Structures are given as structure tokens and as C-alpha cells.
Amino acid sequence: MVNLNENNVNLGAKASGKLEAIEQVGKILVREGFIEPEYIDSMKRREAVANTFLGNGISIPHGLPENRDKILKTGVAILQVPEGVIWNPGETVHIVVGIAARSDEHIEILTNLTHVLDDEQTTSRLAITKDPAEIVRVLSGESRSVSRPAPTLDVSDFDVSIDVTIMGEHGLHARPATFFVDIAKKYDSEIQVEFDGRSGNGKSLASLLKLGISGGKTMRIHAKGDDASLALATLKEAVDEGLGEESEEAAIPRIEHGWRPQDVKQTIPGCTASPGLATGPVHQYTHSRIVVEAIAKDPKHESSELAHAIAAARLNLRHLYNEVRAKSGEPRAAIFRAHEAFLDDPEILVETEALIRNGKSAGYAWRQVIDDRVHILEQHDDELLAARAMDLRDVGRRVLRHLAGVVQDQPFTPSRPVILLAEDLTPSDTAQLDPSLILGFCTSGGGPTSHSAIIARSLGIPAIVAAGPSILEIVDDTIAIIDGDSGNLYLEPSPSDIETADAAKLELEELRNEEYRARYEPALTTDGERIEVVANIGRVSEAENAVNAGGEGVGLMRTEFLFLERDTPPDEEEQFQSYKTMVEALNGLPIIIRTLDIGGDKAVAYLDLPPEDNPFLGERGIRLCLNRPEFFLVQLRAIFRASKYGPIRIMFPMIATLDELEAAKRLAEKARIEVGAEALEIGIMVEVPSVVSMAREFAQVVDFFSIGTNDLTQYVMAIDRVHPTLAAKADSLHPAVLRMIDQVVKASDEAGIWTGVCGGLAGEPLGATILAGLGVKELSMVVPSIAAVKARIRSISMKQARELAQKALSCRDNKQVRALSLS
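### Some words on the overall build of the protein
Move 1: Helix and strand content of the protein: 30 helices and 26 strands.
Move 2: Relative to its 823 residues, the protein shows a buried fraction of 56%.
Move 3: Of the contacts made within the protein by residues no fewer than 6 positions apart, 71% connect residues no fewer than 24 positions apart.

Here is the structure:
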């Protein structure tokens, strides 16, 4: 427990604003030996990340997690401001509780504060008391009854209840809460979660987040219904196992460039979100205003409009997921799968429908419910919970666009490179930025753990967040320098500063591009063994990008782009021209074209495919093509025609049986004869465990294997790889998956053919090393990963890779594998 005493309390203070109030309470913490003076600045910057106003005249300023090294010991200081200080518009603070927390010892005082918030008489008394001991008594819990406040939930008619303790540093934040909700929804029983005298719907993500359950705290789960006992047993097991929690996003990478300005007109401090240094004109970014009517006459029509808008938003998210996955890989794209969980939140839907029945329009009702929940999330002290408010706002706007008749906010596309300034950017905004035209961005709000910040890092865009509202007043075309490493935006720098910043940027780029400069060098291990490093692409335009990035060809060309978002299928000529263009762009490098891999997860009107809850087990890939042979032959003929212009290999997806492979090969031979082309190498995607089990037999009738680790992992682990809560557990570095890869490689070696990997695992430096050690000859990955993986291969010996691979095969889980290092 924190020892709060009268020396930590300053009564009768005056402050002109919240920054001065933070300065004063910070000085108390310094005086009492809790923090170093530098931590005060961190407290000020933390204020911009998430609102620390609790309500009822109380605020709790504290520093950024990255500056905890400036905390000498955990402590709390109290600043009483009887006249009040404006914290934010409409928010007046009288009690400022400054917190320096090295651990969670301060949680007890925060718990006491939550009870004080509901007692206006007590807070009013504390605001003017002349007795510091009274403040100490209240915040230490001495003046409060030991009994807990009565719960808002009547649990008398619930069948069963159980207490569980939430694990993890950040408690029940968005990811584990979504995991919990996903399990709860599988049961018919009503499920409620009780914590600290309040309750929430166990099937509602927004409701659970509102409870703010911190790590190490105990909550009670109640259930009633026919499967209540089973539901609680399953939920308890899930909580005990950590609710799918994995390690947090790694610390923001920083490269010390050594540059500091000498003569700038103004410095605006913020929080580092994505490293980098850039100079250029600024441009203000604003969302288009979405206008909705408040009142509607036909509730039934409004409910129908809401359902259609949510369905359209879900389709938008699927498309955005596919775009980001192709550009930045699966982990970044998974953000938009997680957004779908909000669209299915029962509490949000029930409250929206209630407002509609009371005469509100669908748009007004949806906006009201979303805004209420966004506001609650923004108040959370936990940085991750506060950051998820922007995700919910993003989802809310996505639905509103359809309800208001606004099809889509247009992404900002400048005519020249600029530094973007904005109140905040949603994940959708950030994902659509063009790194060639956006030098960097600076937002007045947001946080470094937001999904927008994570995407910015994946795009290599320097970014600063939480810089405060003053940036919104900066005039367009003002010259600025953005330093993502220090977290500062410098306005109107001198010519000398611009020159030195540009020089530092060049030097920084040299450091970061060391791998990139060597991208054309082959991936030769130190003992002379070569691994072919190639690209996964999904568009014609990406073929040239793959070559420029150092790719030695294309290991996976997804052809789905030709077939989606259109009313009729592409004819043979259109397909031929696309494949020919790609082949020519590769200038003699090989390309593996995967035949169409579409299933019930994609809306393709002309195929009339029934929607499937799990499209990965239905009519997909080769199954679809074999059921429509004429449709399949059109694609095969186009591929064989294009093969006259460069080296093409054909790859069939979703093969599960030898019969399917033989049928596909017969159709391929028919197409080849019809166009008079030479024979091509034909391989298969190894995605289905049945192929692994019969790898020796398959190896006799194909020219190569290419292992799709993403799908293989989900089938081996029985986890949908795009599931919003379970996907993190579908780790291709699990020994179960690695042993299957090992089995396939051994079968291919025996047959004298080669094995490649075209799943996400190939693009991870650790994964690439293990795969090379297992005997994989080709690694195919997203374009941004090519240079780093080639550099990694060049830095190791094959002997080291093999030893690492053998260690990985003997591990018991993916965490042990990820903890391995080269000997």
C-alpha cells in the first residue's frame, strides 16, 4: 500500500491551467523523493494521450510508461485547488492526485477515488477543507465503510456464479475482453460480469470495457440458462489461461540521429508514435462532416437501414483487411478483423434499436450510442483502453457513412509531399495514406499504442501523437520539421536547421537502408548455401515493386484481384494481358501464379456462392474451380499463353486429395494443348494436413511444394486465422506446425523436388532462419520484408540455422520457439 501522509498534500493552491497544476503537484512528488524532475514533463505529455479527468472535480495526472525510469519510488501527491482549474472545456478540477507508479501499489487509492466520485458531498468538502488529514483519511479508505457498494445487478435469479482473477498487466482491455465476449456468445445463457459494485453484459465488448477491470483483480461472472454451468466453466478456463493474451507490441523502435534544432520559431512537444525525421509543408486534415436527421417516422424502416449499413460496413472492413494484408502483412491487417467485433456487439445494437423505437433515426441513434461508449473508453486510465476509443469511433463513422448517404470519406491525396496535421487519425485513415506523399503526421490526440500508430510504423511514416490542440491552428504550407524519434514538431525552422535536418535524415536513411542497399545481393549463408527470397504479390503493379525491393522473383501471385468487385468474370484476354504484364515486369525472373482461390467469404455475384460461416472448409480454391471446369479453363489458357513471355510456374490452392490434383492437372494439360504452349512446372499449396500426411505420394506427381503457413496453421491448430480474438494463438512457429513443415521438406528431398514457404512465417527473420534450417529452399513474403530477410540469411551459417531448427522442433509450444536464439 502507498503511504499517503500530510506531507504529500498541498492545500489552497492556485493554478492558471492544468499544465501549471501538473507542475505544482509534480514538484511535491520531487520534493518527497518520488520522482526525478524530468518526470514532470512526462506527466504533461501523458495528459494529451488520454484525459486524466475522472469526474466530480478530481483528476489523476501521471507520466508516460516509457519514462518510468524517472520514478524513484511509488508515491502519490495531492494538490487542492479550491477555486478550481479548468482541465478541459466543461471540466473543472479541485483535487489533483499526482501519481508516480513503479508498480500497481497505487491502485488502492484509485479504487477509493472511484467511490468518492459518486459522493458529491465528500468531494465538495475535500475541495475546501483546511485539514490535510481529512484528505489522507478519505483517499486511504479510513473514512469509508469496509462494505462494498451495492451492485447495480440483481443476481438473485441467476443460476450460477463464479469468481475469477484477471491476469495480464493491462487487465480486461480490448483484446482479452473481445476474447471473453466471443466465448460468451457461444452459449444461450444470459451472462453478466460484476466488478466493484458495477455490472456489464458478458456478451458486449463495450459493456465489459466500461468496467475497467485491472490486472490482478477479481471479478464475478453470473449466468442463467440451460447451459449456464458449462458457460461459466469454459469462461473460467479461458480467464485462467489468460484470455488469449500475448506479449504487447514491442517498444517503438528508435534510432538516435543526433540532430537538434538551433533556431526554430516554435517547438510543439508530443509523444513518439513512429520514428523518423522529415521536413516539409504542413497540411490540415479534416474528416468530412456526416450529417444525419435526428427524428424518423418509420422505426421499421430505420431498423432495416441500420442492418444494411452494418452489413455494408462489414464488407468495407473485409476489403480494407485484404488491402492492408497485401501491403503490410497479416498482423497489421488483423486490426480490421477486430473492428468487426464492434459491429456484432449486442449491447450497442439493443440500445440503438431502443432509440429507434423512440422515434430517432438510425443514424442519430447509432451515433449517440457510439459516442457515449467512446467517451467512456477515453476516460480510462489504462492507455490501451483509451487507445481503443479511436477504433470504436472508426467503426462508428464507417456505419454512419452509409446511414447518411456518404459512401466514403475520400482519403487525402496531396499533389506534393506534406506533413499531415489532424485532430486524430483512425486506423482506416492511416492505412490509406500514401508514404510517398505523406512525409509524416502529427495529431493533437491519440496515443502511441493506438492502431493508427502501429500502422504508421509498418508504413515507415514518422508520426507524433498527443501534441495538443494548438497544432490545429497551424496554417497550411507552414514549413515544419517532424522528429518522430524525439516526439517534437518544429515550426518555421531556420535554413540552417532545415539543412542539418535533411543531412541527419539522409544519415538516418543510410542506417535504415543498409539492408535495403544490399537487397540485390543473393541470400547466401556464411557457409555458402543459397536461399531464394521472392515476393508475394496481389496486383499487376506490385510485380515491379517486388523486383525493386530485391525480390528474386514472385513466389505467390494471388489472382483473386482480377475476379473481385465486378459484375462479370474477366475473360481470357483480360487475364492474359494482366499475366503478361507481370511476367514482362519481372524481366526473366520466375513467377508462380496461383490459380483462383475464392470461397464463401467473398461476395462474387457472378459465381452465386452461398455465404459460409467458415469459408476455409467449404467450396473454396481448387474445389470451386473443379466444380466449374469451363470457368477454370479460361484462367488456365490465359496463364499458358502468358508463359511464352517469361518463366511461369502454376500452383493449385487448397489441394486436399490426390484425386483433386489429378483432375486439376488434366484440365491444365487440356488448356496447354488448346493454346499450343510448352509444359510448365506445376506445384501445389500445402495448406491441408491431409497433404502433409501423404507428402511422399504428392511429391511423386508435382514439381514443387509451396507451404502456405497461414492456412496450414489454422487447420493444424483448429483456429480461424482471422478470428478477432483467437488469431493471436494461430502462431506458425508452434512446434506442431514446424514438425509438419519438416515432414513435407523431407518428402520433397526424397523425391528430388524443392519446397518453398509463401505464408507469413517466411517474412519473419526468426521464422526464415528456422525454415532455412529445416531445408526450405524458397521463402516468399510481403515486399517490405525482403531486404531484412535476405540480410538475416546472409548473417548466419546454415549450420547455425539447422541447429536452431532442431531446437525449435523439440520445443513444447510457440513461446519456447520464439525465445530461441542462435548459438
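### Description of the sheet that holds strand β13 (residues 418-422)
Move 1: One open sheet accounts for eight strands, arranged β10-β17-β16-β12-β13-β14-β15-β11; its pairing is mixed. In the strand order of this sheet, the two ends are held by β10 (264-269) and β11 (271-274), each with one partner. Between one strand axis and the next, the sheet turns by 30° as a mean value, whatever way the strands run.
Move 2: Here four bridges tie strand β12 (residues 277-285) to β13, and the two strands are oriented parallel to one another. Its bridge partner being in β13, Q284 is matched across the sheet by L421.

### Topic: the sheet that holds strand β8 (residues 198-201)
Move 1: Taken together, four strands build an open sheet; the order of strands is β6-β9-β7-β8 and the sheet is antiparallel. Of all the strands in the sheet, the pair left with one neighbour each is β6 (160-165) and β8. Here the strands of the sheet are splayed against their neighbours by 25° on average, with no regard to which way each runs.
Move 2: Across six bridges, β6 lies against strand β9 (residues 218-224) in antiparallel orientation. When the bridges of β9 are listed, T165 appears paired with T218.
Move 3: Docked against the sheet, helix α8 (residues 228-240) engages β6, β7 (190-195) and β9, running at close to 0° with respect to β6.

### As for the pairing of strand β23 (residues 682-686)
Move 1: Along β23, five of the five residues are buried, which leaves the element largely enclosed by surrounding structure.
Move 2: Alignment of strand β22 (residues 648-652) against β23, held across three bridges, turns out to be parallel. What sits directly across from M651, in β23, is G683.
Move 3: Between β22 and its parallel partner β23, the chain crosses via helix α22 (residues 658-675), and the hand of that crossover is right-handed.

### What to know about the nonpolar core
The tendency in soluble globular proteins is for nonpolar side chains to be buried as a group.
Move 1: Counting 89 residues, the largest nonpolar core has F652, I741 and I770 as its most contacted members.
Move 2: A per-element tally of this core places helix α21 (residues 629-642) first, with eight residues.
Move 3: In contact with I741, not counting residues within four places along its chain, are I707, T709, L761, L771, L774 and V776.
Move 4: L64, A309, L425 and I438 belong to the second-largest nonpolar core, a separate cluster that totals 75 residues.

### Some remarks on α8
Move 1: The end-to-end C-alpha distance of α8 is 18 Å, a good match for the 18 Å that 13 residues give at a rise of 1.5 Å each.
Move 2: Along α8, the residues classified as buried are A228, A231, L232, L235, A238 and V239. Seen from one end, α8 has its buried residues packed into an arc of 125°, which puts them on one side.
Move 3: The first or second residue beyond α8 is G242, which carries a positive phi of 100°.

### A word on the packing of aromatic side chains
Move 1: Under the counting rule described, the total for this entry stands at five aromatic pairs.
Move 2: Stacked on the ring of F576, the Lys or Arg R641 has its end atom at 4.1 Å from the ring centre.

### Here we look at helix α11 (residues 346-357)
Move 1: Here α11 spans 16 Å end to end across 12 residues, near enough to the 16 Å set by a 1.5 Å rise per residue.
Move 2: Of all the residues in α11, the buried ones are E347, I348, T352 and I356.
Move 3: Measuring from the backbone nitrogen of E347 back to the side-chain oxygen at the start of α11 gives 3.0 Å, which picks out D345 as the cap.
Move 4: One or two positions beyond α11, positive phi appears at G359, with a value near 100°.

### Re the environment of Q368
Move 1: If you trace the backbone, Q368 turns up in helix α12 (residues 362-378).
Move 2: Residue Q368 is classed as partly exposed on the basis of its relative accessible area, which comes to 32%.
Move 3: Q368 sits 17 residues away from E351 along the chain, and the two C-alpha atoms are 9.5 Å apart.

### Overview of the pattern of salt bridges
Move 1: Evaluation of the coordinates by the stated rule reveals 37 salt bridges.
Move 2: As a salt-bridge pair, R314 and D344 come within 2.5 Å of each other at their nearest N and O atoms. Pair noted here: R314 is in helix α9 (residues 299-328) and D344 is in the loop between α10 (330-343) and α11, with a separation of 30 residues, a long-range link.
Move 3: By relative accessible area, D344 is classed as partly exposed at 38%.
Move 4: Ionic pairing is found between R696 and E750, a salt bridge with its closest N-O pair at 2.9 Å. Linking R696 in helix α24 (residues 695-699) with E750 in helix α26 (residues 735-751), this pair joins segments that are 54 residues apart in sequence. Each member of the pair, R696 as well as E750, is classed as exposed.

### A word on unusual backbone geometry
Move 1: A positive phi angle is found at D477, which is not glycine, with a value near 75°.
Move 2: Take D477: it is sitting in the loop between β15 (463-465) and β16 (479-483).
Move 3: Phi at E492 takes a positive value of approximately 45°, unusual for a residue other than glycine.
Move 4: Considering the arrangement of structural elements, one finds E492 in strand β17 (residues 488-493).

### Let's talk about the side chain of K580
Move 1: On the secondary structure map, K580 appears in helix α19 (residues 572-586).
Move 2: We classify K580 as buried; its relative accessible area is 18%.
Move 3: In this structure K580 touches A642 and Y645, once residues within four positions along its chain are discounted.

### Comments concerning the confidence of the model for the protein
Move 1: Model confidence for the protein is summarised by a mean pLDDT of 84, while 83% of its residues fall at 70 or above.
Move 2: In the model, residues 144-151 has pLDDT below 50 throughout and makes 11 contacts with residues more than four positions away in sequence or in other chains.
Move 3: Residue range residues 246-253 is modelled with pLDDT below 50. Its contacts to residues more than four positions away, or to other chains, number 18 contacts.

### Focus: the packing of α19 against α21
Move 1: The N-to-C vectors of α19 and α21 enclose an angle of 35°; their axes lie 8 Å apart at closest approach. The chirality of how α19 crosses α21 is right-handed. For the pair α19 and α21, the contacting residues are E572, E573, Q575, F576, Y579, K580 and V583 in the first and V634, Q635, R637, A638, I639, R641 and A642 in the second.
Move 2: Among the residues forming the contact of α19 with α21, the class breakdown is seven nonpolar, two polar and five charged.

So, how was this worked out
- Residues numbered from 1 in each chain as written.
- Predicted model: local features only at pLDDT ≥ 70, side-chain atom pairs only at ≥ 80, totals over all residues.
- Heavy atoms only, no water.
- Helix = DSSP H or I, 4+ residues; strand = E, 2+ residues; numbered from the N terminus.
- Buried < 20%, exposed > 50% of the residue type's maximum accessible area, 1.4 Å probe, protein only.
- Contact = heavy atoms within 4.5 Å.
- Pairing = 2+ DSSP bridges.
- Axes fitted to C-alpha atoms, helices over the stretch in contact; angles between N-to-C directions.
- Right-handed = clockwise from strand over helix to strand, strands pointing away.
- Core = buried A, V, L, I, M, F, W, Y, C linked by side-chain atoms within 4.5 Å.
- Expected span 1.5 Å × (residues − 1).
- Arc of directions from axis to C-beta.
- Phe/Tyr/Trp six-rings, centres within 6.5 Å; stacked < 30°, edge-to-face > 60°.
- Lys NZ or Arg CZ within 6 Å of the ring centre and 35° of its normal.
- Polar contact = N/O pair within 3.5 Å; in protein donor to acceptor, adjacent residues only side chain to side chain.
- Salt bridge = Lys/Arg side-chain N within 4 Å of Asp/Glu carboxyl O.
- pLDDT = per-residue confidence, 0-100.
- Left-handed = near helix turned anticlockwise from the far one by under 90°.
- Nonpolar A, V, L, I, M, F, W, Y, C, P; charged D, E, K, R; others polar.

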